[in-house]
Amino acid sequence: NAGVTQTPKFRVLKTGQSMTLLCAQDMNHEYMYWYRQDPGMGLRLIHYSVGEGTTAKGEVPDGYNVSRLKKQNFLLGLESAAPSQTSVYFCASSLSSYEQYFGPGTRLTVT
Amino acid sequence: QQPVQSPQAVILREGEDAVINCSSSKALYSVHWYRQKHGEAPVFLMILLKGGEQKGHEKISASFNEKKQQSSLYLTASQLSYSGTYFCGTPLNAGGTSYGKLTFGQGTILTVHP
């Protein structure tokens, strides 16, 4: 039981490049979330999904897109990376509105 | 709007107690607490629900004052393993914890020395 996994662990992008972060969970959770974490800002919700095929915006969705084609996977895309998107990205999943299980994070640097 | 945590940082010696506060500008239906060790993912500690119900699996207690729109996390007889950053999360939208969408405070750094 791997829990929540994220790939890649680290990535460096140049301004304007695109990339996709993959989150996978093996706990059969319905809800999945993408957060970004910046120093002094805590965790901020980017997008979330309440089930396969559904996604919705969180607190800071601009510049990001998501897809949930399979229940176990939640993808976060950056179409045109900007330095302001330099951050640590965490994926989480939950069975209900209570405990969220977080992945190990992806450290993204945009130069 | 993100909740506000205080203090920003706490330094303790093993065995000492600490209190971390979380305040919101809007009515609270629940408060969620997480701990994150350096370089690791946040880990769920507990949730406090309106009406007094608590759900958690750590030996850490907390209070929830709905009228004052705040929660406090109590760490007693601290251990070295308690070191980390503590975050409180509150529902992103008014009316409850719909789909678990949370907005988190900026975090409180707790350091426990031997």
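Residues numbered from 1 in each chain as written. Chains lettered and ligands numbered in written order. Predicted model: local features only at pLDDT ≥ 70, side-chain atom pairs only at ≥ 80, totals over all residues. Heavy atoms only, no water.

Caption draft 1: Here's a closer look at the state of the cysteines. Residues and elements named next belong to chain A. Overall, the coordinates contain two disulfides over all chains when judged by the stated rule. Sulfur-sulfur distance for the disulfide between C23 and C91 comes to 1.8 Å. Between C23 and C91, the S-S torsion sits near -70°, and that sign places the bridge as left-handed. Here C23, found in strand β3 (residues 19–25), pairs with C91, found in strand β9 (residues 87–94); they are 68 residues apart in sequence, far enough to count as distant. Its relative accessible area of 0% is what places C23 among the buried residues. (Disulfide = S-S within 2.5 Å. Helix = DSSP H or I, 4+ residues; strand = E, 2+ residues; numbered from the N terminus. Buried < 20%, exposed > 50% of the residue type's maximum accessible area, 1.4 Å probe, protein only.)

Caption draft 2: Expanded view of the pattern of salt bridges. Residue and element names in this part refer to chain A. Across all of its chains, the model carries three salt bridges over all chains by this definition. Among the salt bridges present, the one from K71 reaches E30, with a minimum N-O distance of 2.9 Å. Here K71, found in the loop between β7 (65–67) and β8 (73–78), pairs with E30, found in the loop between β3 and β4 (31–38); they are 41 residues apart in sequence, far enough to count as distant. Take E30: its relative accessible area is 32%, and that puts it in the partly exposed class. With a shortest N-O distance of 2.9 Å, R36 and D38 are connected by a salt bridge. For the pair R36 and D38, one class covers both residues: buried. Put simply, R36, D38 and R44 are held in one network by salt bridges that share partners. (Salt bridge = Lys/Arg side-chain N within 4 Å of Asp/Glu carboxyl O.)

Caption draft 3: Spotlight on the interface of chain B and chain A. Opposite the 24 residues of chain B that make contact, chain A presents 22 residues. The contact between chain B and chain A buries some 1,900 Å² in all, and 61% of this surface belongs to carbon and sulfur atoms. Contact with chain A buries area across many residues of chain B, yet P42, Y99 and F104 of chain B alone supply 27% of it, more than any other trio. Counting every contact that joins chain B to chain A gives six residue pairs in polar contact (both at pLDDT 80 or more). (Contact = heavy atoms within 4.5 Å. Buried area = accessible area lost by both parts, 1.4 Å probe. Polar contact = N/O pair within 3.5 Å; in protein donor to acceptor, adjacent residues only side chain to side chain.)

Caption draft 4: Unusual backbone geometry, seen in detail. With an omega dihedral of -5°, the bond running from T7 of chain A to P8 of chain A counts as a cis peptide bond. Put simply, S6 of chain B and P7 of chain B share a cis peptide bond, and its omega is -10°. Checked against the element boundaries, P7 of chain B lands in the loop between β1 (4–6) and β2 (9–13). You will see that N28 of chain A, though not glycine, has its phi angle at about 60°, which is positive. Counting through the fold element by element, N28 of chain A comes out in the loop between β3 and β4.

Caption draft 5: Region of the structure containing the layout of surface pockets. By volume, the largest pocket is sized at about 660 Å³. Contributing to the lining of the largest pocket are 30 residues, with Q37, V88 and R107 of chain A together with Q36 and G39 of chain B lying nearest its centre. For the lining of the largest pocket, the elements supplying multiple residues, two or more each, are β4, β9 and β11 (106–110) of chain A together with β9 (84–91) and β11 (108–113) of chain B. It is β11 of chain A that provides the largest number of residues to the lining of the largest pocket, a total of four residues. Taken together, the residues of the lining of the largest pocket sort by class into 10 nonpolar, 15 polar and five charged. (1 Å grid on protein atoms, 1.4 Å probe; cavity = no way out; pocket = protein on both sides within 12 Å on 5 of 7 lines; lining within 4 Å. Points joined across faces, edges and corners; volume = space filled by probe spheres on them. Nonpolar A, V, L, I, M, F, W, Y, C, P; charged D, E, K, R; others polar.)

Caption draft 6: Fine view of the sheet that holds strand β3 (residues 18–23) of chain B. All names here are of chain B. With antiparallel pairing, the four strands of this open sheet are ordered in space as β1-β3-β8-β7. With one partner strand each, in any of the chains shown, β1 and β7 (61–65) form the two edges of the open sheet. Averaged over all pairs of adjacent strands, the angle between their axes in this sheet comes to 15°, without regard to strand direction. Pairing between β7 and strand β8 (residues 70–75): five bridges, direction antiparallel. The residue bridging F64 from the neighbouring strand is S71, located in β8. (Pairing = 2+ DSSP bridges. Axes fitted to C-alpha atoms, helices over the stretch in contact; angles between N-to-C directions.)

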